[in-house]
Structures are given as C-alpha cells and as structure tokens.
Amino acid sequence: MEEPGFEGLPLSQTLPLSQGSFQELWENVMTPSISTIPAVTSETWMNDSLIHDNNLPSEFDEGLLFALPPDVSLMDNLTPPASTVPTTTDYPGEFGFQLRFQKTGTAKSVTSTYSVQLNKLYCQLAKTCPLEVLVSMEPPQGAILRATAIYKKTEHVADVVRCCPHHQNKDVVEHRSHLIRVEGSQRAQYLEDPHTKRQSVTLPYEPPQLGSEITTVLLNFMCNSSCMGGMNRRPILTIITLETPDGQVLGRRCFEVRVCACPGRDRKTEEENSNKLTNGTKSTKKRKSVPAPETTVLKKNKSASSAEEEEKETFVLHVRGRERYEMLKKINDGLELLDKDKNKTKVSVKQEAPLPSIGKRPLLRGERSDSD
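Predicted model, so just to flag it, every value in this text is computed and none were measured. (Residues numbered from 1 in each chain as written. Predicted model: local features only at pLDDT ≥ 70, side-chain atom pairs only at ≥ 80, totals over all residues. Heavy atoms only, no water.)

S.K.: Talk me through unusual backbone geometry; I want residue IDs and the actual numbers.
M.R.: Trans peptide bonds make up most of the peptide bonds, and negative phi angles are found at most residues other than glycine. The phi dihedral of Asn119 falls on the positive side, at around 50°, and the residue is not glycine. Its place among the elements puts Asn119 in the loop between strand 2 (112–115) and strand 3 (120–123). Overall, the relative accessible area of 31% leaves Asn119 in the partly exposed class. Unusually for a residue other than glycine, Asn232 sits at a positive phi of about 55°. Looking at where Asn232 falls in the secondary structure, it is placed in the loop between strand 9 (215–221) and strand 10 (236–243). For Asn232, a relative accessible area of 35% corresponds to the partly exposed category. (Helix = DSSP H or I, 4+ residues; strand = E, 2+ residues; numbered from the N terminus. Buried < 20%, exposed > 50% of the residue type's maximum accessible area, 1.4 Å probe, protein only.)

S.K.: Quick rundown of a nonpolar patch on the surface? Include the residues and the values.
M.R.: A contiguous nonpolar surface patch, about 750 Å² in accessible area, is contributed by Leu317, Val319, Tyr325, Met327, Leu328, Ile331, Leu335 and Leu338. You can see Ile331 is positioned in helix 6 (residues 322–351). Ile331 sits in the partly exposed class, given a relative accessible area of 48%. (Patch = residues over 30% accessible without salt bridge, like charges linked within 9 Å, V, L, I, M, F, W, Y side chains within 5 Å. Areas by Shrake-Rupley, 256 points an atom, 1.4 Å probe, with all protein chains shown as cover. Salt bridge = Lys/Arg side-chain N within 4 Å of Asp/Glu carboxyl O.)

S.K.: So what's going on with the pairing of strand 4 (residues 129–134)? Which residues, and what values?
M.R.: Consecutive side chains of a regular strand alternate in pointing toward one face of the sheet and then the other. Burial within strand 4 is extensive, with six of its six residues counted as buried. The side-chain alternation of strand 4 yields two buried faces, one formed by Cys129, Leu131 and Val133 and the other by Pro130, Glu132 and Leu134. Direction of pairing for strand 1 (residues 98–101) relative to strand 4: antiparallel, over a ladder of four bridges. Looking at strand 4, one finds that Leu99 is bridged to Val133. As defined by bridge partners, strand 4 adjoins strand 9 across five bridges and the pair is classed as antiparallel. In the strand pairing of strand 9, Pro130 is matched with Leu218. (Pairing = 2+ DSSP bridges.)

S.K.: Please set out the sheet that holds strand 6 (residues 180–182) residue by residue, giving values where relevant.
M.R.: Here four strands make up an open sheet; going across it, the order is 1-4-9-6 and the pairing antiparallel. The outermost strands of the open sheet, each flanked by one partner alone, are strand 1 and strand 6. Strand-to-strand twist in this sheet, taken as the mean axis angle between neighbours without regard to direction, amounts to 40°. (Axes fitted to C-alpha atoms, helices over the stretch in contact; angles between N-to-C directions.)

S.K.: Please give an account of the sheet that holds strand 11 (residues 249–259) that cites residues and values.
M.R.: The strand order across the open sheet built from seven strands is 2-3-11-10-5-8-7, with neighbouring strands paired in mixed fashion. Both outer strands of the open sheet, strand 2 and strand 7 (189–192), are each paired with one neighbouring strand and no more. In this sheet, neighbouring strand axes are inclined to one another by 25° on average, regardless of whether the strands run parallel or antiparallel.

S.K.: Could you give an account of the nonpolar core, with specific residues and numbers?
M.R.: By size, the foremost hydrophobic cluster in this structure holds 39 residues, and its most contacted members are Leu179 and Phe221. Look past the residues within four positions of Phe221 in its chain and what remains in contact with it is Leu121, Cys123, Gln124, Leu125, Ala126, Cys129, Leu179, Ile180, Thr238, Val257 and Val259. (Core = buried A, V, L, I, M, F, W, Y, C linked by side-chain atoms within 4.5 Å. Contact = heavy atoms within 4.5 Å.)

S.K.: Run through helix 4 (residues 263–278), naming residues and quoting values.
M.R.: Between its terminal C-alpha atoms helix 4 stretches 22 Å, which fits the 22 Å expected from 16 residues at 1.5 Å a residue. Every buried residue of helix 4 is accounted for by Pro263, Gly264, Asp266, Arg267, Glu271 and Ser274. The buried residues of helix 4 occupy one face: seen down the axis, they fall within an arc of 165°. (Expected span 1.5 Å × (residues − 1). Arc of directions from axis to C-beta.)

S.K.: I'd like a description of the environment of Pro245, backed by residues and values.
M.R.: As for its position among the elements, Pro245 is in the loop between strand 10 and strand 11. Taking C-alpha positions, Pro245 is 9.1 Å from Pro204, a pair spaced 41 residues apart along the chain. Among all residues touching Pro245, those that are not within four sequence positions of it are Gln141, Gly142 and Ala143.

S.K.: Quick one: what's the story with the packing of aromatic side chains, residue by residue and with numbers?
M.R.: A complete count under the given rule lists two aromatic pairs for this structure. Consider the rings of Phe101 and Tyr114, whose centres lie 4.2 Å apart with planes at 15°: the pair is stacked. With Phe101 in strand 1 and Tyr114 in strand 2, this residue pair connects regions lying 13 residues apart in the sequence. For Phe101, a relative accessible area of 15% corresponds to the buried category. Tyr114 sits in the buried class, given a relative accessible area of 17%. Between Phe101 and Phe255 the ring centres are 5.1 Å apart and the planes differ by 80°, which places this aromatic pair in the edge-to-face class. Linking Phe101 in strand 1 with Phe255 in strand 11, this pair joins segments that are 154 residues apart in sequence. In this structure an aromatic cluster arises from ring pairing among Phe101, Tyr114 and Phe255. (Phe/Tyr/Trp six-rings, centres within 6.5 Å; stacked < 30°, edge-to-face > 60°.)

From the geometry alone we can't say anything about function, so treat these as descriptive.
This is the structure we're talking about:
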C-alpha cells in the first residue's frame, strides 16, 4: 500500500483547530496601545528617583551594618557549645542535685540493680531502670534533665556511643541509634550535637508530687554492652545533668552502666573481685599440675611403712567388767586370724611364677601338653 502524501492537498485548505483559529485567539488578547504609555524625560527621572542625595550620610560607617538593636543580646536564644570530652565529675550545685536508685539484691530474677560500692548500674536490655532525682530547692522554671552516654576509657572517649546495627535494624523509631531512651514520657526529645555528634535525650523537670521528695525518671538501655558494632565490651558512663532551658548546667551526676543478661550475677562477681583487690589478693585461676611419678612412689612407700609400723605397735586397753573383756577379746582374736590369713595369701602369690607373655606356658603337675 502507498502512504498518503501531501501533494494532493491544496494550499488554501484550512486545518481544523480544537479551540478556534489563531486569528480569533489573537483578537481576544488585550494589549495596551503604545500611545497610552507616558513618555519619560530626564527631568521626571531625576525628580522621581528612589534615592535622593540628601538622604545619604556624608560618611559610611561599616559598624552600623552589623550593629544590633540595644534590646537584643548576643546570648539570647544561644545554647552553649558542648565540649568534646564531657566532664564526669559530680557537681550537686546550689540546688543540691542528687540521684538515687531503688534497693535491689543480687538475685538472678532482678532486671536492674545498682552497686553503691562500685557506683555502677547493672540492667538488662530494654528493661525499665527507675532513677530517682532529688533537689534541695526547686530549680528555675523550664529546667530540663539530660542523659548522655560516653565511653569510660581514655582511648575510646572521643567515640560516640550508639546502638549496634543489629538492634538499630530491629527498631522502628526515628531515634533508633540512641542508646538511652526515656519511658513513659511524650515530652522527651532525642538530640544530636551538630559539632561532636554525641546523642542525648532531654525531658522537662517535673517537681515532686505532694507528699514526696523525689522525681522518678524511667530509663531504658537499648543495646548490650557486649554487642559487636556497638559498645563491644567497652565500659560506658551515663551523665545526668540538670540544665536551664538555654543549656546552662545547674547540677551533674555520673555513674557507670553495664547492660547484660544477668545483672545480679555480674554485680555479685564484680563486687567480690573488687573486695579481693582491696584486700591484696587476686582471683587468679590456678592450673592443676600433674605430680611427678617419683614423688608419688616415695609418698606411697612412706605411707605404707608408717602403716606397717603402726600395726606392729601394741596398746593396752583397760576394760571394766568381765563380759566386755571377753567380747573385746573375741573381736581381737578374730582380727588376728584375719591378719594371719592375709599374710599367707601374700606369701603364696609371691611364690607363684609369673606366666610368660610370649612362648609356651609351663606345665603344671598333672597336666599334659597339646602335642601329646
């Protein structure tokens, strides 16, 4: 088949348009006439200029460009920068900021326990750790509590404490990399410092309820201390600070944390090791040494010779009553007979010739050889 061409179409043929022809669209456009635009001369331009020379100062002061109004201060709404290495020294401050933990034992069933001796919290993964906050006087309005985790050792203190990739993938929240979480508070904020990249969680300070002197905060630790890719058995410290809304520290407390499967067992073990170190003894495992065979033979000979000597010794026993004497005499006579029988068997065993391991067995009296 031949494709249709354009040779047969006349030039005067008009093609249909969807919204009218182009001429109709051009007539509907409203354009002002050029005659209606006012002419601008040089005099009108100078009179109607935006900037007049009378309004400009004689000398330009660069200081006025960066000057702030007198009612605005540089420190307003400016949070102080976080230090690269946070301070771990306890500082109660003028408000007497203190922390307290609930008293729990070292049983295997406990989910969190605190050691006063070691200033260390032992807890399980993602389990509630009640933290009691005490102050001697009420802090200013809008005060906050901040919890930050850092590594304890100097060689790791510059690293940021985060959850391991495994536990981050299992979590669904936005702040999945944060180790410390606050339970039961919708006002908690999870922050990351833009300079040091350290992560922290803050929540508003709530005054104690009527009849109480403490404010309880529920903390969760979302990664084990032994997790690869996370803490990786590196000890950590938790810093709790009481701050003003603009970040000024009013009080600080610090304690060590270990997230493990059995907090009670680990606390008991570490306290025992600490006591041994303070007493000057170390809990070192001693290897069992195999004694030399010569020494064992000597010890056996000594023990055997001492036993024989004790058997040869004679003792005198004073017995009251004829009947008891006859009864004990019969017992003694029976033991003497047993000793004689043992001696006879020993002598007979020694007289018997040992059988050869290789070759023909010697014939006994009355036996015939296999060849007969």
